[in-house]
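Summary of structural features
Residues per chain, in single letters:
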Amino acid sequence: YMEAFSHPLTKVAAGSRAPQWVRDGKNWILRFDGVNDYINFTRETFPQGAFTLRMEIRPEFSGKTMVLFRHFNYFLGSLSLFIRNGKLYAVWGEKNLKSYKFATGLAVTNGAWNDIEVKYDSRQLTFTVNGKSESFPFSGRAFAFKSAVFGGHDKVEYAPDEPLVFFKGDLRNLAISHY
């Protein structure tokens, strides 16, 4: 899980940890069970500087804070993205191990397709959900090159204060680019 040599999986239920490929009309999508499914990305996948993270998701949330994406293994690399109380929520960690929390007012629609984008240009973080955006002045640098994960992570450090659950729902598209 993540990087097994530095952070072994400790609290996740047994069973397949891979999301399932399913048909959604003419398209293939990934379905996550909300228990233990995730996608792991290697260290260099997520940039240390400016980036754009885009995804199309159809979540099934139940009121608990759900993990969307984390640039994280033992320590936070930079961005962690969640659905918290039906809204997009983020935490950014830096080299000095300080974390910054961003509570947006951007509603994520339960059971429907949502277009989500996070853009960082080294001066501000901009969050967009279904065409509505909020920007926060921010200038930070990632802690280090780390692996990243979509869908789940069992560590609560650098996250909201309540327990986290893995992503439950569908992923139709995910793209990471250098700004």
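First, a word on what this report is: a plain description of the structure on this page. Per chain, the residues get numbers from 1 upward, laid out in the order the sequence is written. Per-residue local features are limited, in this predicted model, to residues with pLDDT of at least 70; the limit for side-chain atom pairs, both in listing and counting, is 80 or more; totals at the level of whole chains, interfaces and linings are taken over all residues. Each side-chain value is worked out from all heavy atoms of the structure, with water and hydrogens disregarded.

1. Section: the packing of aromatic side chains
To be explicit about the condition: Stacked, tilted and edge-to-face are the three classes assigned to paired rings of Phe, Tyr and Trp, where Trp is represented by its six-membered ring and a pair needs centres within 6.5 Å; plane angles under 30 degrees give stacked, over 60 edge-to-face, the rest tilted. Only DSSP runs of H or I covering at least 4 residues are called helices, and only runs of E covering at least 2 are called strands; the numbering of each starts at the N terminus. Only protein chains enter the accessibility calculation, which uses a 1.4 Å probe; a residue is then buried when its area is under 20% of its type maximum, exposed when over 50%, and partly exposed in between. Counted as over-ring charges are cases with an Arg CZ or a Lys NZ within 6 Å of the ring centre that also lie within 35 degrees of the ring normal.
Taken as a whole, this structure holds 15 aromatic pairs when the rule is applied. Pairing Phe 51 with Tyr 120 gives two aromatic rings, centres 5.9 Å apart and planes at 40°, and the pair type is tilted. Of this pair, Phe 51 sits in strand E4 (residues 51-59) while Tyr 120 sits in strand E9 (residues 114-120), placing them 69 residues apart in sequence. Classification of Phe 51 as buried rests on a relative accessible area of 0%. In this structure Tyr 120 comes out as buried when scored by relative accessible area, which is 0%. Taken together, Phe 51, Trp 92, Tyr 100, Phe 102, Tyr 120, Phe 127, Phe 136 and Phe 138 form an aromatic cluster joined through their ring pairs. One Lys or Arg, Arg 84, reaches over the ring of Tyr 89 and ends 4.7 Å from the middle of that ring. Positioned over the ring face of Trp 113 is Arg 172, at 4.0 Å from the centre of the ring.

2. Observations regarding the environment of Ile 29
For the record, the criterion: Any two residues whose heavy atoms approach within 4.5 Å at even a single point are treated as in contact.
Along the chain, Ile 29 falls in strand E2 (residues 27-33). Considered as a pair, Ile 29 and Asp 170 are 141 residues apart in the sequence and their alpha carbons are 6.6 Å apart. Once you skip the residues sitting within four places of it in the chain, Ile 29 turns out to touch Gln 20, Trp 21, Val 22, Asp 24, Arg 58, Trp 113, Asp 170, Leu 171 and Arg 172.

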